[in-house]
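Listed below, chain by chain, are the residues.
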Amino acid sequence: MINNAPLGFKNADKESVGVHWEYLKALEKETGFCINKTIFPYARIWQSLKFGKHDGGIMFKSDLHSNIVEYVALIRSVKIVVMPIMGVDIKSYKDLYELNIGKTRKTSLSNRFDQDTDLNTIELNNYGQAIKMIKLARIDAIAASALVLSYQLKMYDALDYVNYKNKLTLGEKEQWLQFSKKSKHLDKIPLLEKAIEKLQLDGTFDLIMEKYYGEQWNKINE
């Protein structure tokens, strides 16, 4: 798992927890497979998959890495959004040109947005800074993954400062369970795919999402 809260991290008791940690625990229970779970830095995950040092993980689908993995099953589609603060209205992309839009430094959102030099974007060091500027109305909107925003807004008690019903969707990314092409367990893919489908349909994955992101996560990601 990626070493990033709330996907995979150590809690105050130094226990490994997180959304993807619990997804894999649910998969382990459903399939009967023994899944050795480890939290890695993002770059190390891809390097390890390339050389078959571990079997797989849950990451965003990427053309850059498609040659080294087998796609097991789609976990969830995640919207990339521009979310305005309360009192700011966004009806279409052209409305963005009138706004001061915050985004965390070096975050890639969509080709159109990233390459649009006419937008007034403000690079922020972290989400703590972004939420502070939202609360003080020093930015008009924030651009990010809907799930990242859901988690950060909940953590900083800032949901009432934004209008997530009036957000603009820039695109979406797909979270997949992916296996290294060099894994010795590629024969397990059909059973894992079936188990993931069941855990999605019976609401297990959604309950895990609510635990970490709050009940509003699906409204922000719709």
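The structure this text deals with has already been given above.
The shown structure was predicted, so the numbers you read here are calculated from the model rather than taken from an experiment.

**Some remarks on the overall build of the protein**
- A tally of regular secondary structure across the protein gives eight helices and eight strands.
- In terms of principal-axis extent, the alpha carbons of the protein reach across some 55 × 35 × 30 Å.
- Counting the 222 residues in the protein, one finds 47% classified as buried.
- Taking contacts inside the protein between residues at least 6 apart in sequence as the whole, the part at least 24 apart equals 69%.
- Working note: accessible area of the protein is about 12,100 Å², and carbon and sulfur atoms make up 48% of it.
- Seen as two clouds, the 32 positive and the 28 negative side-chain charges of the protein have centres 6 Å apart.

**Let's talk about the pairing of strand E7 (residues 141-145)**
- With five of five residues buried, E7 lies mostly within the body of the structure.
- By the bridge criterion, five bridges tie strand E4 (residues 69-84) to E7 in an arrangement that is antiparallel. Looking at the pairing, Pro84 lines up with Ala141 of E7.

**Observations regarding the packing of helix H1 (residues 19-31) against helix H7 (residues 204-213)**
- Two elements in contact, H1 and H7, have axes separated by 10 Å at closest approach and are oriented at 155°. Relative to H7, the element H1 is oriented roughly antiparallel. Where H1 crosses over H7, the two elements pack in a sense that is right-handed. Across the interface between the two elements, Val19, Glu22, Tyr23 and Ala26 from H1 touch Thr204, Phe205, Ile208, Met209, Lys211, Tyr212 and Tyr213 from H7.
- Looking at the contact of H1 with H7 residue by residue, the class counts come to eight nonpolar, one polar and two charged.

The rules behind the values
- Residues numbered from 1 in each chain as written.
- Predicted model: local features only at pLDDT ≥ 70, side-chain atom pairs only at ≥ 80, totals over all residues.
- Heavy atoms only, no water.
- Helix = DSSP H or I, 4+ residues; strand = E, 2+ residues; numbered from the N terminus.
- Buried < 20%, exposed > 50% of the residue type's maximum accessible area, 1.4 Å probe, protein only.
- Contact = heavy atoms within 4.5 Å.
- Areas by Shrake-Rupley, 256 points an atom, 1.4 Å probe, with all protein chains shown as cover.
- Lys, Arg positive; Asp, Glu negative; His and termini not counted.
- Charge placed at Lys NZ, Arg CZ, Asp CG, Glu CD.
- Pairing = 2+ DSSP bridges.
- Axes fitted to C-alpha atoms, helices over the stretch in contact; angles between N-to-C directions.
- Parallel < 35°, antiparallel > 145°, perpendicular 65-115°, else oblique.
- Left-handed = near helix turned anticlockwise from the far one by under 90°.
- Nonpolar A, V, L, I, M, F, W, Y, C, P; charged D, E, K, R; others polar.

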